[in-house]
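# Secondary and tertiary structure notes
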Amino acid sequence: MAKQPEDWLNNYPAEEEEEEIIWVSKSEIKRDAEILKKLGTELVELSKNQLERIPLDEDLLAAIELAQKIKREGRRRQLQLIGKLLRARDPEPITIALDKLKNRHNQQIVILHKLEELRDKLVESDDALEEVVALYPHTDRQQLRSLVRNAKKEKAANKPPKSYRQIFQYLKELSESA
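Thresholds applied
Residues numbered from 1 in each chain as written. Predicted model: local features only at pLDDT ≥ 70, side-chain atom pairs only at ≥ 80, totals over all residues. Heavy atoms only, no water. Helix = DSSP H or I, 4+ residues; strand = E, 2+ residues; numbered from the N terminus. Buried < 20%, exposed > 50% of the residue type's maximum accessible area, 1.4 Å probe, protein only. Contact = heavy atoms within 4.5 Å. Areas by Shrake-Rupley, 256 points an atom, 1.4 Å probe, with all protein chains shown as cover. pLDDT = per-residue confidence, 0-100. Salt bridge = Lys/Arg side-chain N within 4 Å of Asp/Glu carboxyl O. Core = buried A, V, L, I, M, F, W, Y, C linked by side-chain atoms within 4.5 Å.

## Overview of the overall build of the chain
A tally of regular secondary structure across the chain gives nine helices and zero strands. Listing the helices and strands of the chain from first to last along the sequence gives α-α-α-α-α-α-α-α-α. Here the chain holds 178 residues, and the buried ones make up 26% of them. A separation of at least 24 residues holds for 58% of the contacts in the chain among residues at least 6 apart in sequence. Of the roughly 13700 Å² of accessible surface on the chain, 51% is carried by carbon and sulfur atoms.

## Focus: the confidence of the model for the chain
Predicted confidence across the chain gives a mean pLDDT of 84, with 89% of residues reaching 70 or more. Looking at the elements of the chain, mean pLDDT is at its lowest for helix α1 (residues 5–10), recorded as 56, and at its highest for helix α4 (residues 58–69), recorded as 90.

## Quick look at the pattern of salt bridges
Oppositely charged side chains can form a pair if their charged atoms are brought close together. Using the criterion set out here, one finds seven salt bridges in the structure. Salt-bridge contacts for Lys102 lead to Glu42; the nearest nitrogen and oxygen are separated by 2.6 Å. In this pair, Lys102 sits in helix α6 (residues 92–124) while Glu42 sits in helix α2 (residues 26–44), placing the two residues 60 residues apart along the sequence. With its nearest N and O atoms 3.7 Å apart, the salt bridge here joins Arg119 to Asp120.

## Topic: the nonpolar core
Counting residues in each nonpolar core, the largest one holds 19 residues, and the members touching the most others are Leu43, Ile54, Leu56, Ile64, Ile82 and Ile94. Among the nonpolar cores identified, the runner-up in size contains 17 residues, and Leu122, Val148, Ala151 and Tyr170 belong to it.

## Digging into unusual backbone geometry
Here Arg72, not a glycine, exhibits a phi torsion of approximately 55°, which is positive. Here Arg72 shows up in helix α5 (residues 72–87). Owing to a relative accessible area of 77%, Arg72 belongs among the exposed residues under this scheme. For Asn158, which is not glycine, the phi dihedral falls at a positive 55°. Residue position: Asn158 is located in the loop between α8 (141–156) and α9 (162–177). Among the residues examined, Asn158 registers a relative accessible area of 71% and is labelled exposed.

In structure tokens, the structure reads:
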């Protein structure tokens, strides 16, 4: 007796037993590898202090330190190796730590720009001194007035801006000690 079509279907495994296969294109794999290689390049460009703040295992750290010492073609191959090592790891904690590090750098740049603006205000108008004292109560008014006066004289005489730079350094010291 011939099997009925329904019996034939019943011999196949049920749908719940089948695994879902996700196809990833070669292009997508290459894009992901390129992203990780760029992440590796960013890690190689960091200083030793900055690398200590990023969660890296010993193998990856050793590869990064070696890449920092190598030049030209060897460096390119080492960067590919770092990208390969990153593929075997979860890059998210590394990316998060790197972003925090970059943001801290961006915050420092913003602070320095604000100090430059404050210095310019000091040289342009006499009212800015009160603003500095309000921001930094432990300001030495006499020293700051002297620096501002000298900076104005230098500007009027077209001399090098020595006092102008000293005002910035003084404001930077004030902001760091606040």
